[in-house]
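Structural characterization, general
For reference, the chains in residue letters:
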Amino acid sequence: MAVASTVVYEYLRGKKKFPHVWCPGCGIGIIMGALLRAMADLEIKKGDVAMISGIGCTGRMPVYCDFHTLHTTHGRAIAFATGIKLSKPDLKVVAIVGDGDGLAIGGNHFIHAARRNIDITTILVNNKIYGMTGGQYSPTTPTGKFATTAPYGNLEHPFDAYLLAKGAGANFFARSSVYHATQLQVLIKKALLKKGFSVVEAMSNCHTLYGRLNKEGSAVQMINWFKDHAVNVNIAKKKTPEELEDKFITGVLWEDNRPEYSEQYEALIDRLGGRKKEEKPEAEVVKQ
Amino acid sequence: MAEENQIQKVEPAEDGEEKAKKEKPKNPNPIVIFRRWCKACGICINLCPKDVFDADEDGYPVVARPFECTQCSICWLHCPDFAIKSTEK
Ligand SMILES: Cc1ncc(C[n+]2csc(CCOP(=O)(O)OP(=O)(O)O)c2C)c(N)n1
Ligand code: SF4
Ligand code: SF4
Ligand code: SF4
């Protein structure tokens with residue numbers, strides 16, 4: 001945890017891109033900071049990371065990070081990440097998804113990556129709404145909360161990303177929030193080290209839309225809400241469901257050690273003798 | 001990154017001088033704000049446990065009480081715009 005305030009600058013791309021596009025006080029920047037500090041803490045080199053996102057405010061993150069990056073179509077970050085992991089298994093593959101991006105249009109990819117247990121670290125930025133497109137409700141908008149497409153309150157029930165990831169077969173799930181920036185950094189570090197599909201859900205503030213529509217106040221007020229409503233997983237075990245009603249549980253919620261997909265895939269190639277002949281030089285492949 | 005990680009040494013103190021020795025020399029410039037990247041969101045001003053910042057008339061943070069700063073890191077860990085640098089960490 002001893003990283004300096006300046007290490008993030010080593011991972012930022014093109015100083016001309018700053019100040020970034022996010023609203024003043026948007027939590028996505030805090031999450032990006034925690035991720036970059038986790039990388040620095042583990043001394044991961046920029047060239048060893050592939051960061052992939054879809055579309056959304058959250059999806060802008062790779063624009064600012066100096067890794068191998070891919071800013072793909074809405075919902076498809078994990079699909080692209082799967083391809084990259086299988087073709088370049090030595091890369092640290094990080095998928096950045098919003099709650100709409102990762103659990104609505106991209107929900108299918110999310111559960112199947114978990115089922116395959118492929119070694120992708122997924123950072124799920126959960127601001128409980130579609131930020132970029134103007135505040136439509138998302139699969140994590142709580143019942144009764146307001147969105148531009150739920151002017152009378154949301155009728156639907158939200159997903160719990162933890163149950164989804166666990167049920168589908170992921171090896172790791174942790175949750176934290178933008179208030180808990182240090183914990184978030186520690187959890188992301190654990191996720192980066194964990195083999196298999198690992199998810200860190202970072203609860204974030206979209207005060208511009210979710211906060212305004214639900215009268216939850218400014219960025220500062222929403223960040224303080226996270227402070228007051230977080231319950232650590234060890235403490236939560238001793239609480240009743242009523243006591244936990246409007247709370248969210250933080251920490252490592254799930255850990256498993258199922259075999260990882262890309263390793264099995266590599267082993268299969270070896271078993272079938274797929275690597276015996278000399279691999280074609282890359283330049284030749286490009287020409288065809 | 002080694003030089004940023006230096007820990008201030010606390011030497012064993014002589015009798016009677018303990019308090020004086022333990023007190024670190026105060027840094028008059030512990031925190032730097034890059035105003036060009038700052039969006040005046042107010043997070044640092046509100047989360048600082050030592051009330052180091054004041055807001056100027058446009059809402060931008062100003063390091064008003066530098067000697068109160070304990071280098072707790074809360075402000076720069078929570079700045080969404082990477083606009084805060086600690087001069088000690
Ligand atoms: C195929 C397709 N459908 C819809 C859209 C419109 N769209 C862009 S971003 C977005 C939702 C973003 O919400 P979320 O993933 O929660 O990210 P946030 O902006 O809140 O960070 C939608 C529906 C699109 N770009 N592409
Ligand atoms: S609209 Fe919401 S999620 Fe998007 S940048 Fe603004 S505060 Fe952040
Ligand atoms: S937290 Fe960062 S962006 Fe917000 S007011 Fe402070 S320095 Fe500016
Ligand atoms: S390091 Fe801590 S005490 Fe110093 S200005 Fe930042 S928040 Fe305040």
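See the structure above.
Summarised in this report is the structure supplied together with it. (Residues numbered from 1 in each chain as written. Chains lettered and ligands numbered in written order. Predicted model: local features only at pLDDT ≥ 70, side-chain atom pairs only at ≥ 80, totals over all residues. Heavy atoms only, no water.)

All names here are of chain B. The tally for this structure, following the rule as stated, stands at 16 salt bridges over all chains. Asp56 is the partner of Arg35 in a salt bridge, and the nearest nitrogen-oxygen pair spans 2.9 Å. A residue pair is termed long-range when its members are at least 10 positions apart, and Arg35 in the loop between strand S1 (31-33) and helix H2 (43-47) and Asp56 in the loop between strand S2 (53-55) and strand S3 (61-63) qualify at 21 residues. Asp56 gets classed as partly exposed once you look at its relative accessible area, which sits at 23%. Here Arg65 ties to Asp51 by a salt bridge, and the two come within 3.7 Å at their closest N and O atoms. On the criterion of sequence distance, the pair formed by Arg65 in the loop between S3 and helix H3 (74-78) and Asp51 in the loop between H2 and S2 is long-range, its members being 14 residues apart. Arg65 gets classed as partly exposed once you look at its relative accessible area, which sits at 29%. (Salt bridge = Lys/Arg side-chain N within 4 Å of Asp/Glu carboxyl O. Helix = DSSP H or I, 4+ residues; strand = E, 2+ residues; numbered from the N terminus. Buried < 20%, exposed > 50% of the residue type's maximum accessible area, 1.4 Å probe, protein only.)

The environment of ligand 3 is formed by Cys38, Lys39, Ala40, Cys41, Gly42, Ile43, Cys44, Pro61, Cys79, Pro80, Asp81 and Ile84 of chain B. For the shell around ligand 3, the class distribution of residues is 9 nonpolar, 1 polar and 2 charged. (Near = heavy atom within 4 Å. Nonpolar A, V, L, I, M, F, W, Y, C, P; charged D, E, K, R; others polar.)

What follows deals with the sheet that holds strand S4 (residues 121-126) of chain A. Residues and elements named next belong to chain A. As summarised here, the arrangement of the 8 strands in space is S2-S1-S3-S4-S6-S5-S8-S7, forming an open sheet in which the pairing is mixed. Each edge of the open sheet is held by one strand with a lone partner, namely strand S2 (68-71) and strand S7 (230-232). For this sheet the average axis-to-axis angle between neighbouring strands, irrespective of direction, equals 20°. Where helix H2 (residues 27-41) meets the sheet, its contacts fall on strand S1 (49-53), strand S3 (92-98), S4 and strand S6 (198-203), and the angle it forms with S4 comes to roughly 160°. (Pairing = 2+ DSSP bridges. Axes fitted to C-alpha atoms, helices over the stretch in contact; angles between N-to-C directions. Contact = heavy atoms within 4.5 Å.)

All right, on to the environment of Ala147 of chain A then. Residues and elements named next belong to chain A. Note that Ala147 resides in the loop between S4 and helix H7 (161-168). In the structure, Ala147 is positioned 65 residues away from Arg212 in sequence and 9.5 Å away in space, judged by C-alpha atoms. The residues contacting Ala147, other than those within four sequence positions of it, are Ile129, Gly135, Gln136, Tyr137 and Leu213.

Taken together, the 34 residues of chain A in the interface contact 23 residues of chain B. The contact between chain A and chain B buries some 2300 Å² in all, and 67% of this surface belongs to carbon and sulfur atoms. The three residues of chain A that bury the most area against chain B are Ser5, Tyr9 and Val220 of chain A, which together make up 22% of that side's buried surface. Inspection of the region where chain A meets chain B yields 0 salt bridges. For the pair chain A and chain B, the number of links is 9 residue pairs in polar contact (both at pLDDT 80 or more). Where the side of chain A that touches chain B is concerned, the elements lending two or more residues are helix H1 (7-11), H2, helix H8 (181-193) and helix H10 (219-229) of chain A. (Buried area = accessible area lost by both parts, 1.4 Å probe. Polar contact = N/O pair within 3.5 Å; in protein donor to acceptor, adjacent residues only side chain to side chain.)

Quick look at the environment of Ser218 of chain A now. Counting through the fold element by element, Ser218 of chain A comes out in the loop between helix H9 (207-213) and H10. Between the alpha carbons of Ser218 of chain A and His71 of chain A there is a distance of 29 Å; along the sequence they are 147 residues apart.

All names here are of chain A. Of all 6 residues in S4, 6 are buried, a share of seventy percent or more. Both faces of S4 are covered, namely the face carrying Thr121, Ile123 and Val125 and the face carrying Thr122, Leu124 and Asn126. As judged from the 5 bridges shared by S3 and S4, these two strands associate in the parallel manner. Paired with Ala95 across the strands is Thr122, a residue of S4. Note that S4 and S6 share 6 bridges and pair parallel. In the sheet register, Val125 faces S6, and the bridge partner there is Ala202.

Here the focus is the site of ligand 4. Every residue close to ligand 4 is listed here: Ile31, Cys48, Pro49, Lys50, Val52, Phe53, Cys69, Thr70, Gln71, Cys72, Ser73 and Cys75 of chain B. Split into classes, the residues belonging to the shell around ligand 4 amount to 8 nonpolar, 3 polar and 1 charged.

Residue and element names in this part refer to chain A. By size, the foremost hydrophobic cluster in this structure holds 68 residues, and its most contacted members are Met32, Met39, Met61, Ile123 and Ile188. If you tally residues by element for this core, the top one is H2, at 10 residues. Residues contacting Ile188, with those up to four places away along its chain left out, are Ala34, Leu35, Ala38, Ile123 and Val200. Membership of the second largest hydrophobic core comes to 28 residues, among which are Ile52, Leu103, Phe173 and Phe197. (Core = buried A, V, L, I, M, F, W, Y, C linked by side-chain atoms within 4.5 Å.)

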